[in-house]
Amino acid sequence: MIVKIINKSAYELPHYETLLAAGMDVRANLTEPLTLRPLERAMVPTGLFVELPAGYEMQVRPRSGLAAKHGITVLNAPGTVDADYRGEIRVILVNLSGEPFTIGPGERIAQLVVARHERVEWLPVEELSDSSRGEGGFGSTGR
């Protein structure tokens, strides 16, 4: 798939790190370090602008290493970039740790995953068909 992109950052385009990777790391387009205090959030610019084809979205997801090692995650994970959005992609990061965390210029801050999606039309009904699960949810299938 070809996707049009404008890169106004000082960094390379996001790319797949391995042959079977689903996500591409995206970098912080900062001119100076940004420190997030505990429970603080910030919209971090990437310098990237995209034109996705109709029927696709770009999901902005946390990087597992930042989350596991430092408690840094994408607040609205996954964030969604719609096909008709043309503004700069920014990542809403939050520091869920008890320590300040500094994001450096060019640091990899999130992953981008392009995915197909469907549009639905709602069909109002009075009842739904039975299933083996029924109304079981929120842990009903195990621990």
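An unreviewed UniProt entry lists the protein chain under the name Deoxyuridine 5'-triphosphate nucleotidohydrolase, with Candidatus Tidjanibacter faecipullorum given as the organism. In UniProt, the protein chain has this text filed under Cofactor (unreviewed entry): "Mg(2+)". As recorded by UniProt, the Function (unreviewed entry) comment attached to the protein chain reads in full: "This enzyme is involved in nucleotide metabolism: it produces dUMP, the immediate precursor of thymidine nucleotides and it decreases the intracellular concentration of dUTP so that uracil cannot be incorporated into DNA."

Asks: If you had to explain the pairing of strand β11 (residues 108–116) to someone new, which residues and values would you point to?
Replies: Here strand β2 (residues 24–27) runs beside β11; their pairing, made up of four bridges, is antiparallel. Counted as the bridge partner of R27 is R108 from β11. In terms of strand pairing, strand β6 (residues 56–61) meets β11 through six bridges, oriented antiparallel. Counted as the bridge partner of R61 is Q111 from β11.

Asks: Go over the side chain of N95 with me, naming the residues and quoting the values.
Replies: Along the polypeptide, N95 turns up in strand β9 (residues 90–95). Take N95: its relative accessible area is 0%, and that puts it in the buried class. A polar contact is formed between the side chain of N95 and the backbone oxygen of L36, at a distance of 2.9 Å.

Asks: Which residues make up the packing of aromatic side chains, and what are the values?
Replies: If you walk through the whole model with that rule in mind, you get zero aromatic pairs. Stacked on the ring of F49, the Lys or Arg K8 has its end atom at 5.0 Å from the ring centre.

About the thresholds
Residues numbered from 1 in each chain as written. Predicted model: local features only at pLDDT ≥ 70, side-chain atom pairs only at ≥ 80, totals over all residues. Heavy atoms only, no water. UniProt positions renumbered as here; feature names shortened; annotations may be inferred. Pairing = 2+ DSSP bridges. Helix = DSSP H or I, 4+ residues; strand = E, 2+ residues; numbered from the N terminus. Buried < 20%, exposed > 50% of the residue type's maximum accessible area, 1.4 Å probe, protein only. Polar contact = N/O pair within 3.5 Å; in protein donor to acceptor, adjacent residues only side chain to side chain. Phe/Tyr/Trp six-rings, centres within 6.5 Å; stacked < 30°, edge-to-face > 60°. Lys NZ or Arg CZ within 6 Å of the ring centre and 35° of its normal.

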